[in-house]
Amino acid sequence: MSETLPGLLVAGCRSCHSRYLPRPGRCPRCGSDEVGPQRISNQASVLAATEVSTPPAGFAPPHRLALLEAADGVRILALVHGALPEPGDSVAVVRDGAQYVVVDEGRARPPVAPPPPA
Ligand SMILES: [Zn+2]
């Protein structure tokens, strides 16, 4: 599989059906070695986002990070180059080398709940 295909490449366990970001070794949930590459949507929901005032070496300020949840509960810590998203926002995420990056396109807030009846 190529990273140029749409979606995100993740690891999927054929034993317990959990999915997670690719990592070497056995399934971290059940220990099975029946693990293989799978693709999921690159749309994710923002769980939290922050701007780090003192970025780690190699990163220029502003250093913004978002914790995302993609399909099947796959959690991703991604860099944000644009405006900081808010929890609940829907964003697209792409892999850029060893990092994951939030893509501004496709960002949308869920519809605002109507006001309670008077
Ligand atoms: Zn498993």
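Residues numbered from 1 in each chain as written. Predicted model: local features only at pLDDT ≥ 70, side-chain atom pairs only at ≥ 80, totals over all residues.

A. Looking closely at the overall build of the chain. On a plain count of helices and strands, the chain comes out with 0 helices and 8 strands. For the chain, the sequential pattern of α-helices and β-strands runs β-β-β-β-β-β-β-β. The buried share among the 118 residues of the chain stands at 19%. Sequence-distant contacts, at least 24 apart, represent 39% of the contacts inside the chain between residues at least 6 apart. (Helix = DSSP H or I, 4+ residues; strand = E, 2+ residues; numbered from the N terminus. Buried ≥ 20, exposed ≤ 12 C-beta atoms within 10 Å, placed from the backbone. Contact = placed C-beta atoms within 7 Å.)

B. Seen up close, the sheet that holds strand β2 (residues 19-20). Taken in spatial order, the 3 strands make up an open sheet running β2-β1-β3, and their pairing is antiparallel. Two strands bound the open sheet, and with one partner strand each, they are β2 and β3 (35-40). In this sheet, β2 lies alongside strand β1 (residues 8-13) in antiparallel orientation, the contact comprising 2 bridges. Looking at the pairing, G12 lines up with R19 of β2. (Pairing = 2+ DSSP bridges.)

C. Fine view of unusual backbone geometry. With an omega dihedral of -5 degrees, the bond running from P61 to P62 counts as a cis peptide bond. Inspection of the secondary structure assignment puts P62 in the loop between β4 (43-52) and β5 (63-69). At D72, a position not held by glycine, the phi torsion is positive, near 60 degrees. You can see D72 is positioned in the loop between β5 and β6 (75-80). Judged by C-beta crowding, with 14 C-beta atoms within 10 Å, D72 ranks as partly exposed.

D. Representation of the pairing of β1 in the model. Sheet topology places β1 next to β3; 6 bridges connect them, and they run antiparallel. Each residue of the ladder has a partner; that of A11, found in β3, is P37. Counted along the chain from β1 to the antiparallel partner β2, the turn is 5 residues long, and its residue H17 has a positive phi close to 65 degrees.

E. Representation of the nonpolar core. Core analysis: the largest hydrophobic core is formed by 15 residues, its most contacted members being A66, L68, I76, A78 and V93. The set of elements that each furnish at least two residues to this core consists of β4, β5, β6, β7 (90-96) and β8 (99-108). Excluding residues that lie within four positions of it along the chain, I76 makes contacts with L21, A44, L68, A70, V93 and Y100. (Core = buried A, V, L, I, M, F, W, Y, C linked by C-beta atoms within 7 Å.)

F. Main features of the environment of H81. By the secondary structure assignment, H81 is in the loop between β6 and β7. Accessibility expressed as a C-beta count within 10 Å gives 11 for H81, which makes it exposed. The sequence separation of H81 and L65 amounts to 16 residues, and the corresponding C-alpha distance is 8.8 Å.

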